[in-house]
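# Commentary on secondary and tertiary structure
Residues per chain, in single letters:
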Protein chains: 2
Amino acid sequence: MQKSIFAAYLQFHSMNKLLIVGTVAFDAIETPFGKTDKILGGAGTFIGLSASHFNVKSAIVSVVGDDFPQEYLDLLTSRGIDISGIEIVKGGKTFFWSGRYHNDLNSRDTLVTELNVLADFKPVVPQNFTDSDVVMLGNLHPLVQSSVLDQLTSTPKLVVLDTMNFWMDCALTELLEVIKRVDVITINDEEARQLSGEYSLVKAAAKIHNMGPKYVVIKKGEHGALLFHNKEVFFAPALPLEEVFDPTGAGDTFAGGFSGYIAQSENISFSNMKNAIIQGSNLASFCVEKFGTERMLTLNEQEVKERLKQFKSLTQFEIEL
Amino acid sequence: MQKSIFAAYLQFHSMNKLLIVGTVAFDAIETPFGKTDKILGGAGTFIGLSASHFNVKSAIVSVVGDDFPQEYLDLLTSRGIDISGIEIVKGGKTFFWSGRYHNDLNSRDTLVTELNVLADFKPVVPQNFTDSDVVMLGNLHPLVQSSVLDQLTSTPKLVVLDTMNFWMDCALTELLEVIKRVDVITINDEEARQLSGEYSLVKAAAKIHNMGPKYVVIKKGEHGALLFHNKEVFFAPALPLEEVFDPTGAGDTFAGGFSGYIAQSENISFSNMKNAIIQGSNLASFCVEKFGTERMLTLNEQEVKERLKQFKSLTQFEIEL
């Protein structure tokens, strides 16, 4: 017993650190299959839940109001996520987003965006995560993302940034500044086109590569994801599902799987990034099966492993060259 | 010398036979990059050129008018394609299609369709191809496709059918009849949805499977192709290209590569079908680089092999399970 506690202690302290920045929030979602009240959401939440499938010490930096249920915070803690970097603003209201998906689930209308406490968010990285091995900057104002990087005391092995068209429209200068400082950018196809001014994703990736990131991940939703690095390219399909129920959080779950796997494996070679893309796609394939975080909360390791096998048989072939 | 001629004779006569039915036609194409006059086109042409990259004895069954240049027929012959099944109608005009692609190249408007000699086409399978190993039924009226099957004297190892929404709209009964008789159907995503009434491609494939074909190939253009067989599924991406120049013929080139490879390898296992899907996708990736058949006419085996390597590195990963 004594020994196993010591072993667990050693293992915990030897685990790599993953620092996650992103919203912890309320979502209300409408899809063709139904609608929800305010439920647990936010990029930081999805990234954290996804990354918790790997052997890493992770922390979320975020902000909520005191309307945010303790049980949601406890839920994150129960997944081994350090929440000391989640500021709780007294008298403040938590960020709230509401959206309605169209019939094909590939597009959506935003119904409500209440920034609330997010409007004045000044991220504070917990002391013991300023030397994180991997930093996952979830979709937030580029100045918030930069501020997190400013607080680091050592250079991470990998910094990954997710962003969206909104920041290209209203904070492009700041976005380009933070993009310069990251190793990997994850972005969807339309956003890659907007950021680069190129229609061809190959050309778009090359231009974004020149903005700083050595690796460019272009997410194509149900059509999978591309990873570009110099002249190399890798493609991971989305798993063909009988039914996509709710795409909310799929991109963040992908990012959490990607960064969690890299943090665990400590290997930033291109061939290991391929594995990370597959791990991210695999976890995202579960996320869309139910509303919000519902499916991620019941997901077990056996299911993850079984579906990884499906990913393998979905894409691997035997042509001799 | 004597011996090598004999060896070549033996090799030729031991090759498997691929019977191709499809249009041999004129196309006039407009893309954002330029436009062509009447050039060589037609599903049968693209299928034949693509399949000629494999060790098979192939024949095209089709019809043209006497306005069709002898040099185009010679070109097919020079690729080892038997053209005795291409009827030349005296005083007739060759089928002509003209289309204009939109800026994203994912959709197009048909500007002109002149059926001409195709209106009364009665296919005649050449005597020595009635025992073909593989039959590739290109996109044509379902009754023409059925008529070809009626003329066969032995059961082929594999019958592949390509079709389009046009026949679902105006000859659905006949289409469903011929679909019952084939092993593989290739169809695009929108057409799969129309034919099945299901939005989910997984559900669509299951319904189409119940219509007869053991294998359902759903083509998603720049987003790749899916192969369904019972509960199994395989996905081949399209190679990300710097520029797609002209998508005309890509689907037929895919079908030609698929059926040509299967005919050569005489292996209709699911794992070999995966290889066939990759071979088809690989050849189609060249087709779209120039107008019409232009790129396929200069394509050499070294280029085909090099790009197959790209396909491998695009999709293969090393996760241990």
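The structure presented is a predicted model; accordingly, all values stated were derived computationally and were not measured.

Once that is clear, we can look at the pattern of salt bridges. Between side chains of opposite charge, a pair can form as their charged atoms come close. Counted by the stated rule, this structure contains 34 salt bridges over all chains. With a shortest N-O distance of 3.1 Å, Arg100 of chain B and Glu30 of chain B are connected by a salt bridge. Linking Arg100 of chain B in strand 8 (residues 96-101) with Glu30 of chain B in strand 2 (residues 25-31), this pair joins segments that are 70 residues apart in sequence. You can call Arg100 of chain B partly exposed: its relative accessible area is 38%. A salt bridge links Arg193 of chain B to Glu190 of chain B, with the shortest nitrogen-to-oxygen separation between them at 3.1 Å. Here Glu190 of chain B and Arg193 of chain B lie together in helix 7 (residues 189-196), a separation of three residues that amounts to about one turn. Assessed through its relative accessible area of 12%, Arg193 of chain B is described here as buried. Salt bridges linked by common partners bring Glu289, Arg295, Glu303 and Arg307 of chain A together as one network.

This part is about the packing of aromatic side chains. Applying the stated criterion across every chain yields a total of 15 aromatic pairs over all chains. When the centroid spacing of 4.8 Å and the interplanar angle of 80° are considered together, the rings of Phe166 of chain A and Trp167 of chain A count as edge-to-face. Classification of Phe166 of chain A by relative accessible area gives partly exposed; the value is 45%. We classify Trp167 of chain A as buried; its relative accessible area is 13%. Aromatic rings pair up to connect Phe26, Phe68 and Tyr72 of chain A into one cluster. For Lys17 of chain A, the ring lying beneath its charged end belongs to Phe129 of chain A, and the centroid distance is 5.9 Å. Seen from the ring of Phe96 of chain B, Lys38 of chain B lies directly overhead, with NZ or CZ sitting 4.5 Å from the centre.

The rules behind these values
Residue numbers restart at each chain and count upward from 1, following the sequence in its written direction. Whichever chain is written first is A, and whichever ligand is written first is 1; the rest continue in order. Owing to the predicted nature of the model, reporting of local features is limited to residues with pLDDT of at least 70; listing and counting of side-chain atom pairs is limited to 80 or more, with chain, interface and lining totals taken over all residues. Excluded from the side-chain calculations are hydrogens and water; all other atoms, namely the structure's heavy atoms, are used. Throughout this description, the term salt bridge denotes a Lys or Arg side-chain nitrogen within 4 Å of a carboxyl oxygen of Asp or Glu. Secondary structure elements are taken from DSSP: a helix is a run of H or I of four residues or more, a strand is a run of E of two residues or more, and numbering for both begins at the N terminus. Burial classes follow relative accessibility: with a 1.4 Å probe on protein chains only, a residue under 20% of its type's maximum area counts as buried, one over 50% as exposed, and anything between as partly exposed. Here a Phe, Tyr or Trp ring, Trp counted by its six-membered ring, pairs with any other such ring whose centre lies within 6.5 Å, and the pair is stacked when the planes are under 30 degrees apart, edge-to-face when over 60, and tilted otherwise. The criterion is that NZ of a Lys, or CZ of an Arg, lies within 6 Å of the ring centre and within 35 degrees of the ring normal, and then a charge sits over that ring.

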